[in-house]
Amino acid sequence: MTTQEVSENTLIAQEYKNLLRNTYLLLSTEDKKLIRKAFETAVDAHKNQRRKSGEPYILHPIAVAQIVADQIGLGATSIAAALLHDVVEDTALTLDDITLMFGETVAKIVDGLTKISKLSKDKRVSVQAENFKKMLLTMNDDVRVILIKIADRLHNMRTLEAMPEEKQVRIASETLYIYAPLSHRIGMYNIKTQLEDLALKYTEPEVYMDIEQKIKDSKEVGLKYIDNFTKELQSHLTKERIKFKTEGRFKSIFSIRNKMQFKNKKFDEVFDRFAVRIIYNCTPKQEKFLAWKIYSIVTDHYQPNPMRLRDWISSPKSTGYEALHITVVGPGGKWVEVQIRSERMHEIAEKGYAAHFKYKQGKKDEGGMELWLNRLREVLESQDTDAVDFVKEFKLNLYANEIFVFTPNGDLKSLPKGASPIDFAFSIHSEVGEKTRGVRVNGKIVPLNHTLNSGDQVEIITSETAKPNANWLDFVITSKARSSIRSALRIEERKTADEGKELLRRKLRQMKFKFNDRIINAMVSYFKLKTSLDLYYRIGIGSIDNKMLKKFASEENNRFYQFFRRRPSDKPKNSELENSQISSFYDMLVFGKNQENLDYTLSPCCNPIAGDDVFGFVSINDGIKIHKNECPNAISLHSNYGYRIVSAKWVDSSKGFFTGNIRLSGIDRLGLVNEVTHLISNAHNVDISQINFDSENGTFTGKIKLHVKRASTLDVLIKKLEKVSGIDKVVRD
Ligand code: MN
């Protein structure tokens with residue numbers, strides 16, 4: 001053996017010892033044997049290989065295994081699989097060898113990892129997205145595959161220096177695109193932050209170095225501040241005999257850069273926030289009680305910002321994250337975020353899924369993670385999912401805040417903030433979503449585009465004949481709902497288009513035209529459509545009717561049609577016709593205590609007219625139907641289906657009975673809320689009945705409930721609000 005070989009062997013032995021340093025005591029003899037065997041097999045298999053940096057290859061699997069053991073907290077099976085993760089891909093050993101030596105489980109994990117590493121290495125987003133999808137599908141077999149893959153990527157990022165520049169950028173961007181979001185979703189915040197910072201170093205080296213330097217420069221001041229603050233805190237907490245430790249926290253380079261870029265802020269504005277973590281020691285029984293006790297001690301001494309209380313203890317994030325976050329005014333008037341966590345919560349926050357699993361084992365685990373994985377699988381397995389869309393929406397869902405709502409049985413469901421009842425329905429099952437006819441929130445019928453809030457109890461009313469509607473896409477926000485609706489619509493659209501095509505063939509024959517490409521193209525452009533499919537579809541649903549076809553025919557015959565080309569006017573809507581028939585005095589029907597405007601139809605059995613005493617009945621197939629109180633069916637409806645009755649009454653819309661909801665969002669600034677409320681209260685004939693503003697990370701969202709004399713007042717108001725600086729979106733609910 002050469003001296004180099006000797007020193008390398010010493011290094012390998014040393015690294016192996018390090019690998020087990022923290023976990024040694026937790027492992028059984030059996031476990032240690034398994035790991036030892038995996039180590040020896042890997043050493044032998046990789047013995048002639050070196051990494052790009054020149055060091056022995058085996059150091060890489062050892063490092064990955066160490067991340068798996070220490071940072072993710074997985075057990076012996078995963079440590080062994082991590083040691084063997086590149087063996088099948090890069091050496092003479094086969095999967096069968098691994099199965100024989102280590103059994104099915106280890107072999108399956110190694111197989112999953114081998115498959116992932118064979119995925120195409122392409123820079124194109126579409127290929128990467130496709131890879132991502134395939135990768136998530138391997139979770140079908142064993143989630144540990146993904147966890148080890150992330151550890152593998154973390155070590156590769158740490159040693160990226162040795163790679164050629166072109167590869168550095170590809171691997172770093174893939175890390176930002178796929179691995180960081182995935183780590184986030186699995187709850188491994190710690191690893192996610194490391195991945196992001198390491199990647200930024202290669203994707204935007206100047207930016208990285210600039211921020212790194214600035215952090216160094218301001219860290220001293222920051223540390224001093226945090227130090228003082230925690231000292232004060234400590235004295236308050238120790239008085240109450242709470243056992244705890246504190247951690248000062250700084251933002252990651254990547255998150256600072258994101259804030260600077262997307263919120264258009266300067267470094268100082270972004271960095272000027274401190275965070276302190278209190279990690280307390282307790283028995284499981286005291287856990288919750290102590291969190292709130294610490295909360296009250298902290299807020300006794302420092303003024304909290306009530307808008308910034310986040311209680312992830314009562315309803316943990318679906319990643320399993322639990323903690324109490326408050327923002328208080330610290331010494332010198334600076335905002336300080338205080339995170340309160342028990343040691344158990346802390347371990348889950350740092351290690352994510354694996355730790356979560358460890359604590360839940362044995363108990364009935366309704367953990368968000370399992371639900372999430374199941375949901376993910378469903379989405380991935382539906383064939384219509386476009387990979388790029390999927391990743392985009394996956395990421396959107398990832399960073400959106402969550403709300404928690406209840407099913408009628410009291411089961412908890414987590415949904416992204418802003419979710420609608422349709423999102424909820426699809427989260428239960430795509431079949432429930434597709435058959436949704438109506439919804440009741442907290443016992444009241446609400447429109448389908450209603451925004452759900454945490455704590456709502458949601459009951460979906462389904463019917464066999466109900467179908468997804470294209471306008472649902474305007475307000476659903478989960479990828480599951482979106483992709484299910486799209487694929488249902490596509491099927492429906494094709495059917496209608498086929499019928500429309502046949503219809504068009506007959507009509508053209510009647511009008512003495514040939515059915516050919518030229519005439520179809522002329523029609524597509526005449527009706528300002530994009531494709532022939534659009535044309536057939538519109539004919540199928542009747543939005544291009546006989547009159548319009550005849551007009552086209554005569555203009556086509558005249559050959560002057562180019563000069564007269566204009567958009568055909570839409571048919572008057574049914575509701576407009578109905579309104580004109582209704583008495584002009586009591587002209588509007590409102591429902592429930594809150595006098596809300598809902599869609600309805602008038603029941604033919606008693607033909608109610610405006611001004612009659614009426615009630616609404618939620619029918620299975622046709623939404624809300626209006627019956628007269630004296631309708632012959634009324635008694636039977638009331639006695640058999642009391643729960644489906646909604647109170648209804650005719651009102652004079654000019655007398656201020658109209659209730660409208662406005663949602664607005666934009667960039668937060670001082671005085672914005674004032675300006676908005678001023679604008680509304682100065683407007684004529686408008687009353688604010690409820691107003692809610694929520695601001696976070698420099699953006700705000702607001703919900704305002706108003707009483708107005710007529711609907712058009714609301715439109716005028718919206719126009720005005722849109723002009724307020726900072727507001728970028730105003731919509732009617
Ligand atoms: Mn590897």
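Along every chain, residues carry numbers that run from 1 in the direction the sequence is written. Per-residue local features are limited, in this predicted model, to residues with pLDDT of at least 70; the limit for side-chain atom pairs, both in listing and counting, is 80 or more; totals at the level of whole chains, interfaces and linings are taken over all residues. As a rule here, side-chain values cover all heavy atoms of the structure and leave hydrogens and water aside.

With respect to the overall build of the chain
For helices the rule is a DSSP run of H or I covering at least 4 residues; for strands it is a run of E covering at least 2, with both sets numbered from the N terminus onward. What the chain contains, in helices and strands, is 29 helices and 19 strands. Whether a residue is buried, partly exposed or exposed follows from its accessible area with a 1.4 Å probe, protein chains only, as a fraction of its type maximum: under 20%, in between, or over 50%, in that order. Of all 733 residues assigned to the chain, the portion counted as buried reaches 46%. Contact criterion: two residues are considered in contact whenever any of their non-hydrogen atoms come within 4.5 Å of each other. Considering only contacts in the chain between residues 6 or more positions apart, those separated by 24 or more positions represent 66%. A 1.4 Å probe and the Shrake-Rupley method give the accessible areas. Residues count as covered only by the protein chains that appear here. Summed over its atoms, the accessible surface of the chain is roughly 38200 Å², and 50% of this surface lies on carbon and sulfur atoms.

Some thoughts on the side chain of D152
Looking at where D152 falls in the secondary structure, it is placed in helix α8 (residues 143-158). In this structure D152 comes out as buried when scored by relative accessible area, which is 5%. Separated by 3.1 Å, the side chains of D152 and H85 make a polar contact. With residues up to four places along the chain from it excluded, the contact list for D152 reads H60, V64 and H85. Polar contact is defined as a pair of N or O atoms within 3.5 Å, subject to the rule that within protein one atom must be able to donate a hydrogen and the other to accept it, and that residues adjacent in sequence are counted only when both atoms are side-chain atoms.

Some points on the side chain of S183
Structurally, S183 is set in helix α9 (residues 165-185). Look at S183 and you get buried, because its relative accessible area is 0%. Among the polar contacts listed, one links the side chain of S183 to the backbone oxygen of Y179, at a separation of 2.7 Å.

A look at the pattern of salt bridges
Throughout this description, the term salt bridge denotes a Lys or Arg side-chain nitrogen within 4 Å of a carboxyl oxygen of Asp or Glu. Tallied over the entire structure, the rule returns 17 salt bridges. The salt bridge involving D152 is made with K149; its shortest N-O contact spans 3.2 Å. Linking D152 with K149, this pair stays in helix α8, spanning three residues, or about one helical turn. When its relative accessible area of 8% is taken as the criterion, K149 is described as buried. With a closest N to O distance of 2.9 Å, R344 and E322 form a salt bridge. Of this pair, R344 sits in helix α15 (residues 343-351) while E322 is found in the loop between β3 (310-311) and β4 (324-329), placing the two residues 22 residues apart along the sequence. Each of E287, E322 and R344 takes part in salt bridges that share partners, so that together they form one network.

Examining the nonpolar core
Of all hydrophobic cores here, the largest spans 62 residues; its most connected members are L84, I98, I150 and M157. The element that contributes the greatest number of residues to this core is α8, accounting for nine residues. Once residues within four sequence positions are removed from consideration, L84 is found in contact with A38, T41, A42, I98, F102, V106 and V110. Each nonpolar core is a collection of buried residues, namely Ala, Val, Leu, Ile, Met, Phe, Trp, Tyr and Cys, held together in the definition by side-chain atoms within 4.5 Å.

Topic: the sheet that holds strand β2 (residues 274-280)
The pairing of strands in a sheet happens through backbone hydrogen bonds and is either parallel or antiparallel. Strands pair, by our definition, only if DSSP identifies at least two bridges between them. On the basis of which strands lie adjacent, the open sheet formed by five strands has the order β1-β2-β5-β4-β3 and mixed pairing. A single partner strand is all that each edge strand has here, and the edge strands are β1 (244-249) and β3. All axes are obtained by fitting lines to C-alpha atoms, using only the stretch in contact for helices, and the reported angles, taken between N-to-C directions, cover 0 to 180 degrees. Helix-sheet contacts for helix α11 (residues 205-239) involve β1, β2, β4 and β5 (335-342), and the interaxial angle to β2 is about 35 degrees. Against the sheet, α15 engages β1, β2 and β5, with an angle of about 105 degrees to β5.

Thoughts on the packing of α8 against helix α10 (residues 189-203)
For the pair α8 and α10, interaxial distance at closest approach is 10 Å and the crossing angle is 35 degrees. Once α8 is placed against α10, the crossing between them reads as left-handed. For the pair formed by α8 and α10, the contact residues are I150, R153, L154, M157 and R158 on the first element and I191, Q194, L195, L198, A199 and Y202 on the second. Tallied by class, residues from the contact of α8 with α10 come to eight nonpolar, one polar and two charged. Should the near helix be turned anticlockwise from the far one by less than a right angle, the crossing is left-handed, and should it be turned clockwise, the crossing is right-handed. In this classification, the charged set is Asp, Glu, Lys and Arg, the nonpolar set is Ala, Val, Leu, Ile, Met, Phe, Trp, Tyr, Cys and Pro, and all remaining amino acids, among them Gly, are polar.

With respect to helix α1 (residues 3-21)
Between its first and last C-alpha atoms α1 spans 27 Å; for 19 residues at 1.5 Å apiece the expected length is 27 Å, and the two agree. Of all the residues in α1, the buried ones are E8, I12, Y16, N18, L19 and L20. Those residues of α1 that are buried are in contact with α2 (29-45), α3 (59-71) and α4 (76-83). The length a helix should cover is 1.5 Å for every residue beyond the first.

Some thoughts on the sheet that holds strand β13 (residues 614-619)
With mixed pairing, the five strands of this open sheet are ordered in space as β11-β15-β13-β14-β12. At either margin of the open sheet sits one strand with a lone partner, and together these are β11 (588-591) and β12 (600-602). Each neighbouring strand pair of the sheet contributes to a mean axis angle of 35 degrees, computed without reference to strand direction. The pairing of β12 with strand β14 (residues 623-628) spans three bridges and is parallel. Each bridged residue has a counterpart across the sheet, and for L602 the counterpart in β14 is I626.

Things to note about the packing of aromatic side chains
The description of two aromatic rings rests on the distance between their centres and on the angle between their planes. In this analysis, rings of Phe, Tyr and Trp, with Trp reduced to its six-membered ring, are considered paired at centre separations within 6.5 Å, and the interplanar angle assigns stacked below 30 degrees, edge-to-face beyond 60, and tilted for intermediate values. Under the defined criterion, the tally for this structure stands at nine aromatic pairs. Their ring planes at 35 degrees and their centres at 6.2 Å tell us that F527 and F552 sit as a pair that is tilted. Taken together, the residues span a long stretch of sequence, with F527 in the loop between α22 (517-526) and α23 (532-541) and F552 in helix α24 (residues 546-558) at a distance of 25 residues. Overall, F552 belongs to the buried group, its relative accessible area being 0%. Here a set of aromatic residues connected by ring pairs shows up, and it is made of F513, Y526, F527 and F552. Charges are assigned to positions over rings by a cutoff of 6 Å between ring centre and Lys NZ or Arg CZ, combined with an angular limit of 35 degrees from the ring normal. In this arrangement the basic side chain of K37 is found over the ring face of F102, its NZ or CZ atom lying 5.1 Å from the centre. Directly above the aromatic system of F515 lies the positively charged group of R505, at a separation of 4.5 Å from the ring centroid.

Quick notes on helix α28 (residues 672-682)
Here α28 has its buried residues at L672, V676 and I680. Looking down the long axis of α28, one finds its buried residues gathered within 65 degrees of arc, a one-sided arrangement. Along α28, exposed side chains directed more than 90 degrees from the buried face belong to N674 and N682. Directions drawn from the helix axis to the C-beta atoms are what define this arc.

Examining the pairing of β14
β14 sits mainly inside the fold: five of its six residues count as buried. In sequence, β13 turns back onto β14 through a hairpin of three residues.

Section: the environment of I326
Along the polypeptide, I326 turns up in strand β4. Accessibility expressed as a relative area gives 2% for I326, which makes it buried. Each C-alpha atom, one on I326 and one on N305, is 7.4 Å from the other, the two residues being 21 residues apart in sequence. I326 has contacts with Y295, V298, T299, R308, L309, V336, E337, V338 and I340, leaving out every residue within four places of it along the chain.

Here's the deal with the environment of L448
Relative to the helices and strands, L448 is located in the loop between β9 (444-446) and β10 (458-462). With 150 residues separating them in the primary sequence, L448 and L598 have C-alpha atoms 9.9 Å apart. When neighbours within four sequence positions are excluded, L448 is seen to be in contact with S420, P421, I422, T436, R437, G438, V439, W472 and F475.

Points about the confidence of the model for the chain
For every residue, the pLDDT score states the predictor's confidence, bounded by 0 at the bottom and 100 at the top. Mean pLDDT over the chain: 80, with 82% of residues reaching 70 or higher. Note on residues 361-369: pLDDT under 50 across the span, and ten contacts to partners over four residues away in sequence or across chains. For the stretch residues 560-584, pLDDT sits under 50, and the model shows 19 contacts to residues farther than four places along the chain or on other chains.

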